[in-house]
Amino acid sequence: MPHTPTALRQTSGLVAERLRVGFDGHTVLDDVDLRARPGSMTGVTGPSGTGKTTLLRVLAGLVPADSGTVRYGERDTPAPGAIGMLAQHPRLVVNPRWTLRRIVAEPAVITGGDVDVDAIAGRVGLESSLLERFPAQVSDGQLQRACVGRLLVQAPHIVLADEPTSMLDPVAARSVIGLLQEIVDDGAALVLVSHHRGLVESRCAEIVELGSR
Ligand SMILES: Nc1ncnc2c1ncn2[C@@H]1O[C@H](COP(=O)(O)OP(=O)(O)OP(=O)(O)O)[C@@H](O)[C@H]1O
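Sequence order as written defines the numbering, with residues in each chain counted from 1. Predicted model: local features are reported for residues with pLDDT of at least 70 only, side-chain atom pairs are reported and counted for 80 or more only, and whole-chain, interface and lining totals are derived from all residues.

The name that an unreviewed UniProt entry assigns to the chain is ATP-binding cassette domain-containing protein, with the source organism given as Gordonia desulfuricans. Regarding the chain, the UniProt comment filed under Sequence similarities (unreviewed entry) reads as follows: "Belongs to the ABC transporter superfamily." UniProt positions are given in the numbering used here, feature names are shortened, and annotations may be inferred rather than shown by experiment.

In structure tokens, the structure reads:
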């Protein structure tokens, strides 16, 4: 039976309260609250070095907070596969020895599901012929589309996107944001880190501004 991400998704957002993180005695996050609701985008913005990526890492459970809490629905740790991430530099996070087809299909391999990678490629505007290429043989925009395709296969409850369009030209950026909006409209809670205030203000129901006090 084909993998049907939408049907499998059980939405639950996340709530972070009073997060504090410091490195080497220097406070980076100071009492930060953030809520990401199902079917909604939450923006994180602020100048360079104010802790946007650190906040995403804490939300993903990759960096422990010194204090504060993160709740994922009813849980205090995310369910396996509940969080999907989209990186600013997709080349740094994908396996360079995998074809785009394998990169897109990977979440279904992990769960033992079946997936129509060509259909997913069509949905994210990636020519099927590119699926047989390796990351070094495609553009940043094409690789980011493949990563969005992988998100569609994973169908996470929560998407954490760290400057996902900053490497892309305006047309490709709009397209990737449109695809993320589809994932949100499908019920995911999305946290969007971006320096681009206009983008955050136009798309996000809630905005966390770091470095503003
Ligand atoms: N593992 C770490 N050890 C020590 N310091 C760190 C670590 N991770 C981040 N920092 C520091 O924390 C601060 C915030 O970094 P972070 O990458 O979260 O900022 P950012 O807002 O995402 O920046 P940018 O917009 O430039 O990507 C920086 O001063 C950084 O040097």
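Next comes the rest of the write-up.
**Student:** Just checking my understanding: could you explain the overall build of the chain for this structure?
**Tutor:** Counting from the N terminus, the helices are the DSSP runs of H or I reaching at least four residues and the strands are the DSSP runs of E reaching at least two. Summing up its helical and strand segments, the chain has seven helices and eight strands in all. Computed over its C-alpha atoms, the radius of gyration of the chain comes to 17 Å, within 12% of the 17 Å expected for a compact globule of 213 residues. With the C-alpha coordinates of the chain rotated into their principal frame, the extents come out at 50 × 35 × 30 Å. Burial is judged by counting the other C-beta atoms within 10 Å of a residue's own C-beta: 20 or more makes it buried, 12 or fewer makes it exposed, and any count in between marks it as partly exposed, with every C-beta position built from the backbone. The buried share of the chain, taken over its 213 residues, is 42%. For every residue pair, C-beta atoms are placed from the backbone, and the pair is scored as a contact if these atoms sit within 7 Å. For the chain, restricting intrachain contacts to residue pairs at least 6 apart in sequence, the fraction spanning at least 24 positions comes to 75%. Our radius of gyration looks at C-alpha atoms and nothing else; its globule reference is 2.2 Å times the residue count to the power 0.38.

**Student:** Which parts of the structure should I look at to understand the site of the ligand?
**Tutor:** In this analysis, residues qualify as near a molecule or strand once their C-beta atom, positioned from backbone atoms, comes within 6 Å of it. Within the structure, the ligand sits among Phe23, Asp24, Val28, Ser48, Gly49, Thr50, Gly51, Lys52, Thr53 and Thr54. No other element matches helix H2 (residues 52-59), which puts three residues into the shell around the ligand. For the shell around the ligand, the residue count by class is two nonpolar, six polar and two charged. Just so you know the grouping, Ala, Val, Leu, Ile, Met, Phe, Trp, Tyr, Cys and Pro go in nonpolar, Asp, Glu, Lys and Arg go in charged, and all remaining residues, Gly too, go in polar.

**Student:** Got a minute to help me understand the packing of helix H3 (residues 100-111) against helix H5 (residues 140-154) in this structure?
**Tutor:** Helix packing for two helices is described by the angle between their axes and how far apart those axes are. Viewed as axis vectors pointing N to C, H3 and H5 meet at an angle of 20°, and their least axial separation amounts to 7 Å. The angle between the axes of H3 and H5 places the two elements in the roughly parallel class. Regarding H3 and H5, the two cross each other, and that crossing is right-handed. Only Ala146, Gly149, Arg150, Val153 and Gln154 of H5 make contact with H3, whose side of the interface consists of Leu100, Ile103, Val104, Ala105, Glu106, Pro107 and Ala108. Taken together, the residues that form the contact of H3 with H5 break down as eight nonpolar, two polar and two charged. Here the axes come from fitting lines to C-alpha atoms, over the contacting stretch only for helices, and the angles between their N-to-C directions go from 0 to 180 degrees. Orientation labels follow simple angle bins: below 35 degrees gives roughly parallel, above 145 gives roughly antiparallel, 65 to 115 gives roughly perpendicular, and whatever is left gives oblique. We call a crossing left-handed when the near helix sits turned anticlockwise from the far one by less than a right angle, and right-handed when that turn is clockwise.

**Student:** Where do I start with the sheet that holds strand E3 (residues 40-45) in this structure?
**Tutor:** In this scheme, strands are said to pair when DSSP sees at least two bridges between them. An order of E5-E6-E7-E3-E8 is seen for the five strands of this open sheet, with the pairing classed as parallel. Two strands in the sheet have a free side with no partner beyond their single neighbour: strand E5 (83-86) and strand E8 (206-209). Ignoring which end each strand starts from, the neighbouring axes of this sheet average 15° apart. Relative to E8, E3 runs parallel, the two sharing four bridges. Each bridged residue has a counterpart across the sheet, and for Thr45 the counterpart in E8 is Glu209. Docked against the sheet, H2 engages E3, strand E6 (158-162) and strand E7 (189-193), running at close to 155° with respect to E7.

**Student:** Looking at this model, I keep getting lost on unusual backbone geometry. Mind explaining?
**Tutor:** One can expect most non-glycine residues to show negative phi and most peptide bonds to be in trans. Residue Asp31 is not a glycine yet carries a positive backbone phi of 60°. Its location among the elements puts Asp31 in strand E2 (residues 26-36).

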